[in-house]
Structure formats: C-alpha cells, structure tokens
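So you can see what is in the structure, the chains are spelled out below.
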Amino acid sequence: QAHDDVRHIDWNVTARLQVPHVRLHQQDREVSAWFLLDMSGSMGFGSGHTRKRDRMLAFVGLMGLLLQRHGNRVGALILSPEPGQRLRHVPARMGRRHLLHLMDTVHSVPLPTQPHSSPLAPWLQQAQSVLRRRSQVFVLSDFLGPPGWAQALAALARRHDGIAVRLCDPFESALPEAGLVWLQDAESGEQMLLDTAEPGLRQRYAAQAQAREAAFAQALASAGMDGLALSTDDDLVQALRQYLALRQGRSLHA
C-alpha cells in the first residue's frame with residue numbers, strides 16, 4: 001500500500017500467499033527519542049510575535065512530555081552558533097527535571113549577533129556517530145542552509161525512525177504588499193531592497209517558495225523520512241495531531 005517501506009517486506013509470507021506483505025512493528029517502549037535542533041541564524045526570524053526558534057522550543061517541550069509519558073527517554077543534539085562549540089549534547093534520560101534541564105540548555109543557546117550559517121550535513125553526520133542505537137529522531141530545522149543535507153538525512157533515516165520538522169514563517173512563502181523593504185539574509189548577511197508593491201515580484205517570490213517546498217518534499221521522499229511543517233503562526237495542538245496521524249499511518253501500513 002502507499003507509504004509502505006520495501007525494507008519491511010516479509011518475503012516468506014509474500015512467497016507463500018503470492019501477495020506482498022510487510023511486517024507489522026509494534027512501537028517499542030523505553031526507546032530513546034532525540035531532538036536534533038538547528039540553532040543557526042535564520043531560526044531567529046519571525047514576521048509576527050513568534051520566531052521559528054520559539055516555535056521549536058514549544059514543540060520540544062510538548063513532545064518531550066508526550067514521549068516521556070509513553071516511557072521514552074529524551075535527549076538533544078544542538079547545532080550551536082557559538083564559536084568552537086558546534087554541537088551541544090544533552091544525554092537521553094527520563095524525568096521531569098531532566099526535561100526542564102534539556103529545555104533550559106536549548107533556551108540558553110544565544111542567538112547569533114552577526115549573520116551566521118551552519119551547514120546541516122556535517123551536523124547530521126556527527127549525530128549518526130553519537131546515536132549508536134536505533135532511536136526515534138526529530139530533526140528540527142528550516143532546512144535553508146547550504147545544500148548537501150539530503151544525503152546525510154537519508155543515511156540517518158536508514159538507521160533510525162526519523163521525522164523532519166521544518167520550521168517556517170508565512171513571509172517565507174508570500175511577501176506582503178508593503179512597498180519598499182530592506183531584507184537581510186540572516187545566514188549570509190546579503191541585503192536587498194525590494195519593492196513589494198510590484199505584483200510580478202511577489203509572484204516570482206511565491207513561485208520560488210513553491211519550488212523550494214517541492215524540492216524539500218522530494219528530498220524527504222528519497223530519504224524515506226516523514227515530514228511535518230510547523231509555521232510560526234500554527235497551533236501546536238494541530239501540529240501534535242499531524243504528528244500522531246503520521247505515527248498512526250505508519251503503524252497501519254507497516
């Protein structure tokens with residue numbers, strides 16, 4: 001059926017019944033769950049009162065509570081913008097105090113004061129060396145960094161039960177009609193003056209955003225990883241429902 005993973009085909013049953021079957025996996029208890037958190041410059045952006053970084057923190061807190069309630073240990077690998085400290089490691093453990101410690105550690109990572117870009121590929125590759133046992137992995141990023149992360153994400157998905165949570169903002173999909181606006185890329189530092197009152201500009205901007213969405217969806221499909229979009233104006237309860245629907249769909253089709 002749609003969304004089945006060919007790696008889960010039960011060849012003995014398939015040969016006996018002459019109809020393809022896949023193995024049904026019961027969700028493991030006491031499995032470590034890891035949050036891989038991108039804290040690069042673009043995560044500080046938000047067109048309203050909420051930044052992508054704020055939405056990330058809220059998601060981690062909510063999911064951490066849910067996962068611990070089901071017997072999972074939670075940990076984090078944080079891509080930090082601090083010089084000389086590329087990766088912060090919070091071991092996976094149980095308990096409310098540990099979750100508060102994890103949240104405090106993430107919250108204490110400073111926002112870059114200068115334009116800052118962090119390639120995701122080396123970070124994801126380093127995460128594979130840390131996560132030696134099969135785990136449930138949440139990769140939280142806006143995936144706007146330099147290209148090359150898709151292959152590393154695919155390698156991660158081959159070893160772990162992963163879900164890519166893409167943080168986004170409405171202004172990244174559609175420009176408002178606000179006249180002349182100075183924009184600066186939070187990662188490259190490039191500045192540009194745009195006339196947002198021009199319809200053609202807004203159309204080209206929206207078309208590029210759609211192309212980026214399609215490329216991201218294709219990368220996830222190639223990696224065999226589920227994806228979840230989380231906007232700065234989204235309701236976290238709705239995001240949780242989408243996550244549970246993904247998990248239920250995987251269980252039904254496994």
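Further up the page is the structure itself.
Bear in mind the structure is a predicted one, so any value in this text is a computation, not a measurement.

Asker: Kindly report on the pattern of salt bridges, identifying the contributing residues and their values.
Answerer: Per the counting criterion, the structure on display carries six salt bridges. Between Glu 198 and Arg 204 there is a salt bridge, and its shortest N-O distance comes to 3.9 Å. Salt bridges sharing common partners tie together Lys 52, Asp 142 and Glu 172.

Asker: Which residues make up the nonpolar core, and what are the values?
Answerer: In this structure, Phe 35, Phe 59, Met 63, Phe 138, Leu 140 and Tyr 243 are the most contacted members of the largest nonpolar core, which totals 31 residues. The set of elements that each furnish at least two residues to this core consists of strand S1 (33-38), helix H2 (52-69), strand S2 (74-79), helix H3 (96-108), strand S4 (136-141), strand S5 (161-168), strand S8 (226-231) and helix H7 (236-253). Here the element with the most residues in this core is H2; it accounts for seven residues. Setting aside residues no more than four positions away along its own chain, Phe 138 makes contact with Trp 34, Phe 35, Leu 36, Phe 59, Met 63, Leu 67, Ile 163 and Tyr 243. One finds Leu 120, Ala 127, Trp 149 and Met 225 within the second-largest nonpolar core, a separate group that totals 27 residues.

Asker: Go over the packing of aromatic side chains, please, and point to the residues and values.
Answerer: Summed over all chains, the structure comprises five aromatic pairs. Their ring planes at 50° and their centres at 5.0 Å tell us that Phe 143 and Phe 216 sit as a pair that is tilted. Of this pair, Phe 143 sits in the loop between S4 and helix H5 (149-159) while Phe 216 sits in helix H6 (residues 199-223), placing them 73 residues apart in sequence. Measuring from ring centre to ring centre gives 6.0 Å for Trp 149 and Phe 216, while their planes differ by 45°; the resulting arrangement is tilted.

Asker: If you had to explain the environment of Asp 235 to someone new, which residues and values would you point to?
Answerer: Of note, Asp 235 is situated in the loop between S8 and H7. Given the relative accessible area of 47%, Asp 235 is considered partly exposed. Residues Asp 235 and Arg 55, spaced 180 residues apart in sequence, show a C-alpha to C-alpha distance of 9.7 Å.

Asker: Hey, could you go over the packing of helix H4 (residues 120-130) against H5 for me, with residue numbers and the actual values?
Answerer: Running from N to C, H4 and H5 cross one another at 20°; their axes reach a closest spacing of 8 Å. Taken together, the axis directions place H4 and H5 in an arrangement best described as roughly parallel. For the pair H4 and H5, the crossing hand works out as left-handed. Touching Leu 120, Ala 121, Leu 124, Gln 125 and Gln 128 of H4 are Trp 149, Ala 152, Leu 153, Ala 155, Leu 156 and Arg 159, all from H5. Split into classes, the residues belonging to the contact of H4 with H5 amount to eight nonpolar, two polar and one charged.

Asker: Please provide a residue-by-residue account of the sheet that holds S1, values included.
Answerer: Taken in spatial order, the six strands make up an open sheet running S3-S2-S1-S4-S5-S8, and their pairing is mixed. Both edges of this open sheet fall to strand S3 (87-93) and S8, since each of them pairs with a single strand only. Strand after strand, the sheet turns through a mean of 15° between neighbouring axes, direction not considered. Of the pairings in the sheet, the one linking S1 to S4 comprises five bridges and is parallel in character. The residue of S4 that forms the bridge with Leu 37 is Leu 140.

Conventions and cut-offs
- Residues numbered from 1 in each chain as written.
- Predicted model: local features only at pLDDT ≥ 70, side-chain atom pairs only at ≥ 80, totals over all residues.
- Heavy atoms only, no water.
- Salt bridge = Lys/Arg side-chain N within 4 Å of Asp/Glu carboxyl O.
- Core = buried A, V, L, I, M, F, W, Y, C linked by side-chain atoms within 4.5 Å.
- Buried < 20%, exposed > 50% of the residue type's maximum accessible area, 1.4 Å probe, protein only.
- Helix = DSSP H or I, 4+ residues; strand = E, 2+ residues; numbered from the N terminus.
- Contact = heavy atoms within 4.5 Å.
- Phe/Tyr/Trp six-rings, centres within 6.5 Å; stacked < 30°, edge-to-face > 60°.
- Axes fitted to C-alpha atoms, helices over the stretch in contact; angles between N-to-C directions.
- Parallel < 35°, antiparallel > 145°, perpendicular 65-115°, else oblique.
- Left-handed = near helix turned anticlockwise from the far one by under 90°.
- Nonpolar A, V, L, I, M, F, W, Y, C, P; charged D, E, K, R; others polar.
- Pairing = 2+ DSSP bridges.

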